[in-house]
Amino acid sequence: MPRPAYTGEQIRQAEAPLLEAGEGDRLMRRAAGQLAAVCRRVLRLGGGTVYGRRVAVLTGPGNNGGDALFAAADLARRGAAVTLLHTLGTPHAAGLAAALSAGCRRVDIAQAPSHLGAADLVIDGVFGTGAKPQLPEDLVRLIRVWQASSARSEGQITVAVDVPTGIDASTGRSAQAAVQADWTVTFGGLKTGLFTGAGARASGRVVLAPIGLDFSDTVPDAWVYKRSDLRELVKAPTGEDHKYTRGVVGICAGSADYPGAAVLCTNAAVAAGAGMVRITGDERLRSAVTSHVPEAVAADGRVQVWAVGPGSPGSDRTEAAFSSGEPVIADAGALDHLPERLPAGSIITPHAGELERLLKARGHSVQRSQIEQDQLRWARTAARELDAVVLLKGHRTVIAEPDGTVHLPPAGSANLATAGSGDVLTGVLAALLAERAAAKGHLEPGVTAVTAAAAVLLHGRAGKSATHASGLPRAVEQAVLKARAR
Ligand SMILES: NC(=O)C1=CN([C@@H]2O[C@H](COP(=O)(O)OP(=O)(O)OC[C@H]3O[C@@H](n4cnc5c(N)ncnc54)[C@H](OP(=O)(O)O)[C@@H]3O)[C@@H](O)[C@H]2O)[C@@H](O)CC1
Ligand SMILES: Nc1ncnc2c1ncn2[C@@H]1O[C@H](COP(=O)(O)OP(=O)(O)O)[C@@H](O)[C@H]1O
Ligand SMILES: [K+]
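Only a predicted model underlies this, so the values are computations on that prediction, with no experimental measurement involved.

Chemist: Pulling in residues and values, what's your account of the UniProt feature "domain: YjeF N-terminal" (unreviewed entry) in the protein chain?
Modeler: On the UniProt side, "domain: YjeF N-terminal" (unreviewed entry) is annotated at positions that read residues 11-219 here. Structurally, residues 11-219 is divided into 39% helix and 18% strand, and its ends, taken at the C-alpha atoms, are 12 Å apart.

Written as structure tokens, this is what we have:
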């Protein structure tokens, strides 16, 4: 199931009672012990050893550096050749003493580039949750020179302590430069910023190291998904089911300029397992769709979720869907015709360019590039203002609820960067959402958002086995069957 993630501030609040109780040292030892264990594992990958390996440890002035220094001591005691590179301020005193007495060698920071280049393993302990946004210039230069260097030892691995330096733990934003880690060992709870924006690119594989923090009274800031979550998120029909209990989708898509959008969207809803898919539109459009998707129904009747807008500029049919009272998935053309209030359980699915237009129409001065750089902020802004779930599409897709909770599926296959693949996502989402609506009778934003994450996971997986949008529905069907079989 999805895992909760927290802001840096929430993590610090969860730490506070333990620090007040004098547990700070014990917490750091636990954190460092688990960090060292991951470093040892990483060094042993492919039959390697810890003994004799070159480890460079970058430290800053806070507890993040303390964690790194205690882990450095562990590695040195096991025979690694550990170099300490302190970047700024005063290093953590007890951590430094432990590292030096274990045999680590401190060298001047001016020599950092050659040590960083030659290391088998670099531990990034410069800043963690205490980071301020603007990095010192020397540090920016050092990170850039090291990470761009062609002299880096082959197979070098970087392990970030808690958060890669240069990444904001809460937002995933990076100011001028960020350490690009292969692994991030993060303490106490996952941080939202490791799974979105620059943070998702910089964190590599994230390992959660528990240190006994209590989040029972904390509402998670985000939910993080992994591919295997599909097993729990995709429901298999039971013997009791019939087509109406499995959800009826209504589709209002396609136009003379984009006739294929209606076919893609309908095909995808069918492939994702909708009980029935009704299509609307003029005679020509309907016969074009039914000739490609024979199970689509052109007759009017009850619909549990509407999918509106793919390849369609908005029409009376769009308005009828919005005023039906049933949840609506508003995509593409429908985004320019949103009503004052969307029906409960509805969701909008813009890409960054569409969200820019939508936000500008509501008085925000924001550019597409800003939205791409800070998906969380702008998806949340739109969800709050529209009081609806927002699915902001991209290489990584962000889903925001009106209360600010975000859902973060992993990146889908880049094969999806092709015209029409968004139309497929709308169809998949409509099928999954209609299934939930049929089962529950109504949709809360939380249910809509989790279902949207499931649709993104299915779509992302389908992208692996299709090169173009009309190949996606078949791949969606395969992914659904695989998830149901487990
Ligand atoms: N608390 C706990 O219980 C546990 C915490 N743990 C670990 O502690 C980490 C948090 O430690 P932390 O609070 O000391 O913050 P950290 O990230 O090391 O940096 C703070 C220092 O850096 C400085 N500084 C920051 N940004 C800067 C910038 N841009 N440019 C220049 N300076 C900058 C900042 O300066 P100041 O703001 O004071 O001016 C301050 O001196 C956490 O990520 C985890 O690894 C674990 O051991 C488990 C137990
Ligand atoms: N580089 C990429 N990596 C992963 N997914 C991508 C990438 N580019 C686009 N996508 C996904 O493909 C879909 C494209 O949707 P959209 O932009 O609406 O296209 P269209 O309108 O042509 O159907 C979205 O689901 C988006 O998340
Ligand atoms: K760090």
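Chemist: Can you tell me about the pattern of salt bridges, naming the residues and giving the values?
Modeler: The tally for this structure, following the rule as stated, stands at 19 salt bridges. Two residues, aspartate 221 and arginine 380, come together in a salt bridge whose shortest N-O distance is 2.8 Å. Here aspartate 221 is found in the loop between β9 (205-209) and β10 (222-224), whereas its partner arginine 380 is found in helix α14 (residues 375-386), with 159 residues between them in sequence. Take aspartate 221: its relative accessible area is 13%, and that puts it in the buried class. Three or more residues are tied together by salt bridges with common partners; here these are Arg40, Asp74 and Arg78.

Chemist: Go over a positive patch on the surface with me, naming the residues and quoting the values.
Modeler: Together, Arg227, Arg231, Lys464, Lys482 and Arg486 line one region of the surface with positive charge. Looking at arginine 486, the relative accessible area reads 48%, which means it is partly exposed.

Chemist: So what about the domain arrangement of the protein chain? Which residues, and what values?
Modeler: Its domain assignment divides the protein chain into domain 1 (3-224) and domain 2 (229-484). Centre-to-centre separation of domain 1 and domain 2, based on C-alpha positions: 39 Å. Listed by partner, the interface residues are 12 residues for domain 1 and 13 residues for domain 2. For the pair domain 1 and domain 2, the summed buried area comes to about 940 Å², and 48% of that belongs to carbon and sulfur atoms.

Chemist: Tell me what's going on with the coordination of the potassium ion (ligand 3), and back it up with residues and numbers.
Modeler: Note on metal geometry: ideal angles are 109.5 degrees for four donors arranged tetrahedrally and 90 or 180 degrees for six donors arranged octahedrally. For the potassium ion (ligand 3), the protein coordination sphere consists of Asn64 (OD1), Asp124 (O), Phe127 (O), Val161 (O) and Val163 (O), at 2.5 to 2.9 Å. On the primary sequence, the residues serving as donors to the potassium ion (ligand 3) are separated as N-x59-D-x2-F-x33-V-x1-V. Separated by 36 residues along the polypeptide, phenylalanine 127 in the loop between β5 (121-125) and α6 (137-148) and valine 163 in the loop between β6 (157-161) and β7 (183-187) bring together distant segments of the chain. As far as the burial class goes, phenylalanine 127 and valine 163 line up, both buried.

Chemist: Please give an account of unusual backbone geometry that cites residues and values.
Modeler: Positive phi, close to 70 degrees, is recorded for aspartate 162, a residue that is not glycine. Examined against the element boundaries, aspartate 162 turns out to sit in the loop between β6 and β7. A relative accessible area of 7% means that aspartate 162 is categorised as buried. Positive phi, close to 40 degrees, is recorded for alanine 332, a residue that is not glycine. Relative to the helices and strands, alanine 332 resides in the loop between β14 (328-330) and β15 (347-348).

Chemist: Tell me what's going on with the sheet that holds β5, and back it up with residues and numbers.
Modeler: If you walk across this open sheet you meet the seven strands as β4-β3-β2-β5-β6-β7-β9, and the pairing is parallel. Each edge of the open sheet carries a strand with a single partner, namely β4 (105-107) and β9. Neighbour to neighbour, the strand axes of the sheet diverge by 20 degrees on average, direction disregarded. Both strand β2 (residues 54-59) and β5 contribute to a ladder of five bridges, which runs parallel. Looking at β5, one finds that valine 55 is bridged to leucine 121.

Chemist: Let's hear about the site of ligand 1: which residues, and what values?
Modeler: In the neighbourhood of ligand 1, 23 residues make up the surrounding shell, with Asp67, Gly128, Lys132, Gln134 and Asp162 lying closest. Separating an oxygen atom of ligand 1 from a side-chain N or O atom of arginine 12 is a distance of 3.0 Å. Take glutamine 134: an N or O atom from its main chain is 2.8 Å from a nitrogen atom of ligand 1. Here ligand 1 loses 79% of its free accessible area of 920 Å² to cover by the protein chains. Of all the secondary-structure elements, those providing two or more residues to the shell around ligand 1 are α1 (8-20), α2 (24-44) and α3 (63-77). Partitioned by chemical class, the residues of the shell around ligand 1 number 11 nonpolar, seven polar and five charged.

Chemist: So what about the site of ligand 2? Which residues, and what values?
Modeler: Lining the immediate surroundings of ligand 2 are 17 residues, of which Lys393, Gly394, His395, Gly420 and Gly422 lie closest. Lysine 393 places a polar side-chain atom, nitrogen or oxygen, 2.8 Å from an oxygen atom of ligand 2. One nitrogen or oxygen atom from the main chain of glycine 422 is found 2.7 Å from an oxygen atom belonging to ligand 2. Here ligand 2 has 570 Å² of accessible area as a free molecule, and 78% of this is covered by the chains. With four residues, the single largest contributor to the shell around ligand 2 is helix α15 (residues 421-440). When its residues are assigned to classes, the shell around ligand 2 shows five nonpolar, 10 polar and two charged.

Chemist: I'd like a description of the packing of aromatic side chains, backed by residues and values.
Modeler: Within this structure, the stated rule accounts for one aromatic pair. Where tyrosine 6 meets phenylalanine 215, the ring centres are 4.0 Å apart and the plane angle is 10 degrees; that geometry is what we call stacked. With tyrosine 6 in strand β1 (residues 3-6) and phenylalanine 215 in the loop between β9 and β10, this residue pair connects regions lying 209 residues apart in the sequence. The exposure class assigned to tyrosine 6 is buried, which follows from its relative accessible area of 6%.

Chemist: Break down the UniProt feature "domain: YjeF C-terminal" (unreviewed entry) in the protein chain for me, with residues and values.
Modeler: Look at the UniProt record and you will see "domain: YjeF C-terminal" (unreviewed entry) annotated at residues 226-486. Helix makes up 44% of residues 226-486 and strand 11%, whereas the separation of the span's terminal C-alpha atoms amounts to 16 Å.

Chemist: Tell me what's going on with the confidence of the model for the protein chain, and back it up with residues and numbers.
Modeler: Of all residues in the protein chain, 100% attain a pLDDT of 70 or more, and the chain-wide mean is 96. Here the predicted complex scores 0.96 on pTM and 0.95 on ipTM.

Calculation notes
Residues numbered from 1 in each chain as written. Chains lettered and ligands numbered in written order. Predicted model: local features only at pLDDT ≥ 70, side-chain atom pairs only at ≥ 80, totals over all residues. Heavy atoms only, no water. UniProt positions renumbered as here; feature names shortened; annotations may be inferred. Helix = DSSP H or I, 4+ residues; strand = E, 2+ residues; numbered from the N terminus. Salt bridge = Lys/Arg side-chain N within 4 Å of Asp/Glu carboxyl O. Buried < 20%, exposed > 50% of the residue type's maximum accessible area, 1.4 Å probe, protein only. Patch = residues over 30% accessible without salt bridge, like charges linked within 9 Å, V, L, I, M, F, W, Y side chains within 5 Å. Areas by Shrake-Rupley, 256 points an atom, 1.4 Å probe, with all protein chains shown as cover. Lys, Arg positive; Asp, Glu negative; His and termini not counted. Charge placed at Lys NZ, Arg CZ, Asp CG, Glu CD. Domains from an automatic or database assignment. Contact = heavy atoms within 4.5 Å. Buried area = accessible area lost by both parts, 1.4 Å probe. Donors = N, O, S within 2.8 Å, 3.2 Å for Na, K, Ca; no water. Pairing = 2+ DSSP bridges. Axes fitted to C-alpha atoms, helices over the stretch in contact; angles between N-to-C directions. Near = heavy atom within 4 Å. Polar contact = N/O pair within 3.5 Å; in protein donor to acceptor, adjacent residues only side chain to side chain. Nonpolar A, V, L, I, M, F, W, Y, C, P; charged D, E, K, R; others polar. Phe/Tyr/Trp six-rings, centres within 6.5 Å; stacked < 30°, edge-to-face > 60°. pLDDT = per-residue confidence, 0-100.

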